[in-house]
Amino acid sequence: MTKHVTLTQFIIEQQRELPGVSGAFTSLLNDVVTACKKISHLVNQGNLIGVLGSADSENVQGEVQKKLDIITNDIMVDALNWTGHLAGMASEEIDDIILIPPQYPKGKYLALFDPLDGSSNIDVNLAVGTIFSILRCREGVDPALEDFLQKGAEQVCAGFVLYGPSTMMVLTTGQGVNGFTLDQDIGEFILTHPNMTIPNDTSEFAINMSNQRFWEPPVKRYIDECLQGKDGLREKDFNMRWVASMVAEVYRILTRGGVFMYPYDLRDPSRAGKLRIMYEANPMAFIIEQAGGACSTGRERILDIKPKALHQRVPVILGSKNEVERIVGYHQEG
Ligand SMILES: O=P(O)(O)OC[C@H]1O[C@](O)(COP(=O)(O)O)[C@@H](O)[C@@H]1O
Ligand SMILES: [Mg+2]
Ligand SMILES: [Mg+2]
């Protein structure tokens, strides 16, 4: 019989080789896993249990919240706030940092999450996901906003769960990227995609083309050249995908390469792109770089940015290294 490696076994074994990482981290990750299994179940049940559709509220970004944005946020908070491993949390759906209630012990990590990524897809039954990032924190104190505003390069762990035809968890603790599939029968994530790596070259891009007229010249130039295909400078045809779920796009890129962009656009110059650095760009950048890819705003490496605000937005260009470097080069040329 094939011996399956569960996510818990995998983490315990990986942790043994890491100095300074304690059992608290394994335990914290298990709590994240439990929350994601619950979310997977809800997403799967959909309208059987009445969780689809919009709520009557907006989040801090002014986006109309889906019922599931709120429910999944509460699942994450409730699964993590009592365990004693966290000093605090931050969520895409909550304006301020989330402190641990006084009756519970405080730990040395911070958890940041986008509880439901791609939520505009939920009502049309397409893939959505949960993205998370773990940071270290001063121990035993209530964290301040400044404790959360760490560069992405400081992350201890980042991961996402994709609720697609299968539920998959993709994880990095800075030692490569591994993918696990949820075995619904036994309720465990099983290692199915060890050492995921991204090919350096690709002929597939993902961008929301409806924003084309607002892009800056370097992005326009890159996409124009892709569209010219064999007849243009690139001398090869490109394929396009846009799922509108970052989790699904990143998973595809981890599987077969590609480039994904939500670039700076000129619609509202005060709004630097759409995606949020703390909940989307940083965790995905950590995963992508660990798998051999690259992630940039076009002007700087995402993981080097010192965030200034909890819900800060950032342009994102990520995926196959040679393509991302080409796009960064176009930004340097102006
Ligand atoms: O609807 P658009 O503009 O194409 O944007 C899609 C992008 O926005 C997101 O849905 C933003 O994430 P949320 O759904 O968590 O707000 C990404 O997953 C996706 O890449
Ligand atoms: Mg998101
Ligand atoms: Mg979201």
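Residues numbered from 1 in each chain as written. Chains lettered and ligands numbered in written order. Predicted model: local features only at pLDDT ≥ 70, side-chain atom pairs only at ≥ 80, totals over all residues. Heavy atoms only, no water.

## Quick word on the pairing of strand E7 (residues 157-163)
For a regular strand, side-chain orientation follows a simple rule: the groups alternate between the two sheet faces. Most of E7 is tucked away, with seven of its seven residues classed as buried. On E7, burial covers both faces: Cys-157, Gly-159, Val-161 and Tyr-163 on one face and Ala-158, Phe-160 and Leu-162 on the other are all buried. Inspection of the sheet shows strand E6 (residues 128-136) paired to E7 by seven bridges, in the antiparallel sense. Opposite Ile-131, over in E7, you have Phe-160 as the bridge partner. A loop of three residues connects E7 with strand E8 (residues 167-172), the two strands running antiparallel in sequence. (Buried < 20%, exposed > 50% of the residue type's maximum accessible area, 1.4 Å probe, protein only. Helix = DSSP H or I, 4+ residues; strand = E, 2+ residues; numbered from the N terminus. Pairing = 2+ DSSP bridges.)

## What to know about the nonpolar core
Membership of the largest hydrophobic core comes to 46 residues, with the highest contact counts inside it found for Phe-160, Leu-254, Met-284, Val-316 and Leu-318. With nine residues, helix H7 (residues 277-290) is the single largest residue contributor to this core. Inspection of this core shows a minimum of three residues originating in each of domain 1 (7-193) and domain 2 (204-333). Not counting the four nearest positions on each side in its chain, Met-284 is found in contact with Ile-131, Phe-160, Met-246, Val-247, Val-250 and Leu-318. (Core = buried A, V, L, I, M, F, W, Y, C linked by side-chain atoms within 4.5 Å. Domains from an automatic or database assignment. Contact = heavy atoms within 4.5 Å.)

## Looking at the environment of Asp-117
Tracing the chain through its elements places Asp-117 in strand E5 (residues 109-117). In this structure the C-alpha to C-alpha distance between Asp-117 and Asn-195, which are 78 residues apart in sequence, comes to 24 Å. Every residue in contact with Asp-117, bar those within four places of it in the chain, is listed here: Val-128, Gly-129, Ile-131, Ser-245, Met-246, Val-247 and Glu-280. A distance of 3.1 Å separates the side chain of Asp-117 from the backbone nitrogen of Met-246, its partner in a polar contact. (Polar contact = N/O pair within 3.5 Å; in protein donor to acceptor, adjacent residues only side chain to side chain.)

## Points about the layout of surface pockets
As a volume, the largest pocket reaches approximately 420 Å³. Along the wall of the largest pocket there are 26 residues; nearest its centre are Gly-118, Ser-119, Ser-120, Lys-274 and Arg-276. Those elements giving two or more residues to the lining of the largest pocket turn out to be strand E2 (64-66), E5, helix H6 (246-256) and strand E13 (259-262). In the lining of the largest pocket, the residues fall into eight nonpolar, seven polar and eleven charged. Two domains each donate at least three residues to the lining of the largest pocket, and these are domain 1 (7-193) and domain 2 (204-333). Along the walls of the second largest pocket sit 16 residues, with Val-43, Asn-44, Asn-125, Tyr-163 and Gly-164 positioned nearest its centre. Looking at the lining of the second largest pocket, the element that brings in the most residues is helix H2 (residues 23-45), giving three residues. Considered class by class, the residues forming the lining of the second largest pocket number eight nonpolar, eight polar and no charged. (1 Å grid on protein atoms, 1.4 Å probe; cavity = no way out; pocket = protein on both sides within 12 Å on 5 of 7 lines; lining within 4 Å. Points joined across faces, edges and corners; volume = space filled by probe spheres on them. Nonpolar A, V, L, I, M, F, W, Y, C, P; charged D, E, K, R; others polar.)

## Topic: the pattern of salt bridges
All chains considered together, the criterion is met by 19 salt bridges. The partner of Arg-267 in a salt bridge is Asp-265, and the shortest N-O contact between them spans 2.6 Å. A relative accessible area of 5% means that Asp-265 is categorised as buried. (Salt bridge = Lys/Arg side-chain N within 4 Å of Asp/Glu carboxyl O.)

## Looking at the coordination of the magnesium ion (ligand 3)
Distances from the magnesium ion (ligand 3) to its protein donors, Glu-92 (OE), Asp-114 (OD) and Leu-116 (O), fall within 2.2 to 2.4 Å. We note that the donor set of the magnesium ion (ligand 3) lies within a single chain, spaced as E-x21-D-x1-L. Separating the magnesium ion (ligand 3) from the magnesium ion (ligand 2) is a gap of 3.7 Å, which Asp-114 spans by donating to each of them. With Glu-92 in the loop between strand E3 (86-91) and strand E4 (98-99) and Asp-114 in strand E5, this residue pair connects regions lying 22 residues apart in the sequence. The exposure classification of Glu-92 matches that of Asp-114, with both residues buried. (Donors = N, O, S within 2.8 Å, 3.2 Å for Na, K, Ca; no water.)

## What about the domain arrangement of the protein chain?
The domain boundaries assigned to the protein chain delineate domain 1 (7-193) and domain 2 (204-333). Inter-centroid distance (C-alpha atoms) of domain 1 to domain 2 is 24 Å. The interface of domain 1 with domain 2 comprises 49 residues on the first partner and 31 residues on the second. Carbon and sulfur atoms make up 63% of the area that domain 1 and domain 2 hide from each other, which totals about 3,000 Å². Together, Gln-61, Leu-149 and Phe-160 form the three largest contributors to the area buried by domain 1 at its contact with domain 2, with a combined 19%. The tally of links between domain 1 and domain 2 comes to three salt bridges. Counting every contact that joins domain 1 to domain 2 gives 18 residue pairs in polar contact (both at pLDDT 80 or more). Contributing elements (two or more residues each) for the side of domain 1 that touches domain 2: E3, E5, E6, helix H4 (145-148), E7 and E8. Considered class by class, the residues forming the side of domain 1 that touches domain 2 number 23 nonpolar, 18 polar and eight charged. (Buried area = accessible area lost by both parts, 1.4 Å probe.)

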